[in-house]
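What follows is the residue order along each chain.
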Amino acid sequence: MMSAVSVMSINNRPRRDYSPYLSKITSLPIETVLEDIRDFKSDASFAVTELKQPHQKVYLGKLVEGGIYPIILEHLKRCEDETFADVLGEERVGHDEFIESPLVWVVFLANSLNYLQDRDISIEIAENIDPLFKCIRDDMTRELFGEQKFWYETYPTFLAMVPNLVTKSRETMDILLQKQKLLDMIIQPLFWQMYRPDIMTDQLAVKYFSPHMFTAPMHTLYYIVARICNQINDEGQQTHNIPERLNKDEMKQLSEIGYKAIVSEAYDPKCDITFMAGLLDLIKLHDPTSKQIWYYMLNEMGTSGCVDNRVINRAVCHGSKSTLDHIDATKLPHVLFVLLHKVPPGDKLLPPLPDDARYAVAIDAGLLQMSMDMILRFESLYDNDLYRRFLSIIEGANSIAFHPKTQKAIARVDKAELRRILSKPQLHSLGRRNELCDKIFGTIAFFSKDIAPSQGPKPNFGGVLETVCSSCSKELEKDAIKRCGQCKKRIYCSRECQANDWKNGHKKECKLMLQQDADTDVTGHANSGILGSEKKKLKLQKQTVQVLAAAKEMFIESTPAVLLHANLNDWDILDCVVDINFCESPPSFELKLAADFLDNFTKQSVHDNLKRYIEETRADGALTINVMFNPATGQPGDKEATFLNVQINMPGNCMKQGSWPAAQKSMLEGMKEDEPDWQGPGHIFAGFAPGKSLMDRWVPPRDAM
């Protein structure tokens, strides 16, 4: 609740002494006081602004019943078209007996709202202040009753009155929000000191404005946002219920607030700084209590989808500032997580999904470097969820690292700067926080490899390039291209290359591509949401072959560990499945028995399709590799679109022993002979040397640096 407005403190000049009138006002007939106010008498007009004692509030209630509000509102309705002298009458101007400014009327409205706490009164005022509102919101002309002086001295009081109106009821708030540019009038004053020197350097502003006047719009915005999010009840008290998913109308209301420009269109029609982006400027300027309010609004409006590139850029840059305090350290990671993830629409409480475009902007702005730096700077928050939230952010980046925009952003990261941060001695003394280092540098090093066809030398991963043979990578002229007769995706220079590619895995992948064209993946999931258009089909196909190429590379590097693991557990290698998960950071790699792997799929149709695929692969003497990743074409809200499982096979003839069983037998014999090539149970699964941290293991080749 806002405090009562003092006439003397805002007007800042001596007034006629109305205390004698105030002391006897409760003994005067109601009609006498109302007539004095109607006749612009100063004693009555000022006295009614101070009726705050219990017995005076009773009398104020009688004045309300007698019609004091219609009288004052009728006076204020004339503010657009008449001067104050015209309203007052020439014979009254300059006499102490009569009021000198319309400010006293606005002060009465603000104070009486605070004193009486009457919902019906707030609705009556909200429905009848349009003329006053139109004058106040015009920050270019800046005139009230034809004078700038009245505008400047009344503006702070009007700002203080708005929260008193908004907090009375949801109905009053809705009436006010329907008024054109009300939100502009609440938001834009917060940025006057930074962007409106024409207002703030005026002598009238120096005289009538105070720094404290801008706390009113801050609390008004907080209340509006909390009310929309159902975190404040009709009595204006904070609720502690578990937040529910906002409906479309509520999301739209929050977006309207977040996308408001921070200066009026009349002053700067080209201004593209939204309130969401401007909030980062306010956070830097305000005290700790205010910062918490601004972070709260950033979080809630970000959930509504009110996010643009400027907001993400500013948030990441803000996290890189040396002036951050513990409030920033605890609040900013939560806000960043919200900004970088999209909440799926609908009633189901599905988890937020990492967004390709948003992550790309954040990584270009220095997200990974900032994450490392903040962890180092705020060691005292070791047990806080700061660390866990940053892990979630980095894992989100990893889970969509094959999406086109994020992939390119990762490739652009300044790896020398990352190495500089990683070399700091204190980093290695932070215990489990090395896990974050592992994830960040692991993601960079792995996904910076040249798997994107548009970067560096151009290997052809699965026919993504339309001019390179899918088998031998020979550059082809367009008229010399030969395509696979079934999927039409893979291209070759000769029949020999086509036959070799068929034996080396395209036999199974061809089925995958055909199933994708039928809008169904190999696990039997109907993916109409993922594959709703030809453009999306092509996008997913390109991403899929990139993922499969990376999976094959991981598998080839890890083949000794795969065979070793099978032998140590006494498993037949062809009874196993290699499970690679690119949704984790760094990607996980695990050998499982096929039966145990299938137990993870409870949907019968999916289970049966996978079982049939594994059995067919085994019959061909090949090993099944299951690859999980986040598709770049998924529709938020489609549960099937949050991840995708695809399967490939590795034929046994790729081993020098000629088959997987022969390779496993050779490995077993090597273990018995204790050959140095087999490093025993301590061998790290992804094909890396044992005893090293992930930071060391994920070092990219020199040409990738």
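Residues numbered from 1 in each chain as written. Predicted model: local features only at pLDDT ≥ 70, side-chain atom pairs only at ≥ 80, totals over all residues. Heavy atoms only, no water.

Focus on the overall build of the protein chain
Then, in step 1: Along the protein chain, the regular secondary structure elements total 34 helices and eight strands.
Then, in step 2: The contacts in the protein chain between residues at least 6 apart in sequence include a share of 70% that link residues at least 24 apart.
Then, in step 3: For the protein chain, the accessible surface area stands at approximately 31100 Å², while carbon and sulfur atoms represent 49% of it. (Helix = DSSP H or I, 4+ residues; strand = E, 2+ residues; numbered from the N terminus. Contact = heavy atoms within 4.5 Å. Areas by Shrake-Rupley, 256 points an atom, 1.4 Å probe, with all protein chains shown as cover.)

A look at the sheet that holds strand 5 (residues 576–581)
Then, in step 1: Strand order in this open sheet of four strands is 6-5-7-8, and the pairing throughout is mixed. Pairing within the sheet leaves two strands with one partner each, and these edge strands are strand 6 (588–593) and strand 8 (644–651). Neighbour-to-neighbour, the strand axes of this sheet turn through a mean angle of 25°, independent of strand direction.
Then, in step 2: Of the pairings in the sheet, the one linking strand 5 to strand 6 comprises six bridges and is antiparallel in character. Bridged to Asn581 within strand 6 is Ser588. (Pairing = 2+ DSSP bridges. Axes fitted to C-alpha atoms, helices over the stretch in contact; angles between N-to-C directions.)

What to know about the nonpolar core
If you look at soluble globular proteins, the nonpolar side chains tend to sit buried side by side.
Then, in step 1: Of all hydrophobic cores here, the largest spans 145 residues; its most connected members are Trp105, Phe209, Ile257 and Phe275.
Then, in step 2: Broken down by element, the residue count for this core peaks at ten residues, all from helix 11 (residues 148–166).
Then, in step 3: In contact with Phe275, other than residues within four places in its own chain, are Ile187, Leu190, Phe191, Leu221, Ile257, Gly258, Lys260, Ile262, Leu282, Trp294 and Met301.
Then, in step 4: With 31 residues, the next largest nonpolar core counts Phe555, Phe582, Leu623 and Met667 among its residues. (Core = buried A, V, L, I, M, F, W, Y, C linked by side-chain atoms within 4.5 Å. Buried < 20%, exposed > 50% of the residue type's maximum accessible area, 1.4 Å probe, protein only.)

Concerning the packing of helix 20 (residues 288–303) against helix 22 (residues 326–340)
Then, in step 1: The geometry of helix 20 relative to helix 22 is characterised by a closest axis approach of 8 Å and an angle of 10° between their N-to-C directions. What the angle tells us is that helix 20 and helix 22 run roughly parallel. Only Ile327, Asp328, Lys331, Leu332, His334, Val335, Val338 and Leu339 of helix 22 make contact with helix 20, whose side of the interface consists of Pro288, Lys291, Gln292, Tyr295, Leu298, Asn299, Gly302 and Thr303.
Then, in step 2: Partitioned by chemical class, the residues of the contact of helix 20 with helix 22 number eight nonpolar, five polar and three charged. (Parallel < 35°, antiparallel > 145°, perpendicular 65-115°, else oblique. Nonpolar A, V, L, I, M, F, W, Y, C, P; charged D, E, K, R; others polar.)

What to know about the pattern of salt bridges
Then, in step 1: If you walk through the whole model with that rule in mind, you get 25 salt bridges.
Then, in step 2: Where Glu171 meets Arg119, a salt bridge forms, and the shortest distance between an N and an O atom there is 2.2 Å. Of this pair, Glu171 sits in helix 12 (residues 170–177) while Arg119 sits in helix 9 (residues 119–127); the two residues are 52 residues apart in sequence, bridging distant segments of the chain.
Then, in step 3: Note on Glu171: relative accessible area 38%, which makes it partly exposed.
Then, in step 4: Look at the salt bridges and you will find they share partners, linking Asp139, Arg142, Arg196 and Asp198 into a network. (Salt bridge = Lys/Arg side-chain N within 4 Å of Asp/Glu carboxyl O.)

Focus on helix 23 (residues 356–365)
Then, in step 1: Counted residue by residue, helix 23 has eight buried out of ten residues, so it is predominantly covered.
Then, in step 2: Here helix 23 has its buried residues at Asp356, Arg358, Tyr359, Ala360, Val361, Ala362, Ile363 and Ala365.
Then, in step 3: If you check the start of helix 23, you find a side-chain oxygen 3.3 Å away from the backbone N of Ala357, and it comes from Asp355.
Then, in step 4: Within two residues after helix 23, Gly366 carries a phi angle of roughly 105°, on the positive side. (Polar contact = N/O pair within 3.5 Å; in protein donor to acceptor, adjacent residues only side chain to side chain.)

Section: the environment of Arg38
Then, in step 1: Looking at the element boundaries, Arg38 is found in helix 3 (residues 30–38).
Then, in step 2: Sequence separation between Arg38 and Ile71 is 33 residues; the distance between their C-alpha atoms is 6.3 Å.
Then, in step 3: The residues contacting Arg38, other than those within four sequence positions of it, are Ile71 and His75.
Then, in step 4: Among the polar contacts made by the side chain of Arg38, one reaches the side chain of Glu35 at a distance of 2.8 Å.

Let's talk about helix 6 (residues 68–76)
Then, in step 1: Counting buried positions along helix 6 gives seven out of nine residues, so the element sits mostly inside the fold.
Then, in step 2: Burial in helix 6 covers these residues: Ile68, Tyr69, Ile71, Ile72, Leu73, His75 and Leu76.
Then, in step 3: Elements in contact with the buried residues of helix 6: helix 3, helix 5 (54–66), helix 8 (103–116), helix 9 and helix 10 (130–137).

Notes on the pairing of strand 8
Along a regular strand, successive side chains alternate from one face of the sheet to the other.
Then, in step 1: Across the eight residues of strand 8, eight count as buried, placing the element largely inside the fold.
Then, in step 2: Here strand 7 (residues 622–629) runs beside strand 8; their pairing, made up of eight bridges, is antiparallel. Paired with Phe629 across the strands is Leu644, a residue of strand 8.

Considering the confidence of the model for the protein chain
Then, in step 1: Averaged over the protein chain, the pLDDT score is 76; the fraction of residues at 70 or greater is 73%.
Then, in step 2: When mean pLDDT is compared element by element in the protein chain, helix 3 scores highest at 94, while helix 34 (residues 694–697) scores lowest at 32.
Then, in step 3: Counting contacts from residues 449–466, a segment whose pLDDT is below 50, to residues more than four positions away or on other chains yields 42 contacts.
Then, in step 4: pLDDT under 50 marks residues 674–705. Its contacts with residues more than four places away, or in other chains, come to 55 contacts. (pLDDT = per-residue confidence, 0-100.)

Remarks on unusual backbone geometry
Then, in step 1: With phi around 55°, Arg142 is a residue other than glycine that occupies positive phi space.
Then, in step 2: Tracing the backbone shows Arg142 in the loop between helix 10 and helix 11.

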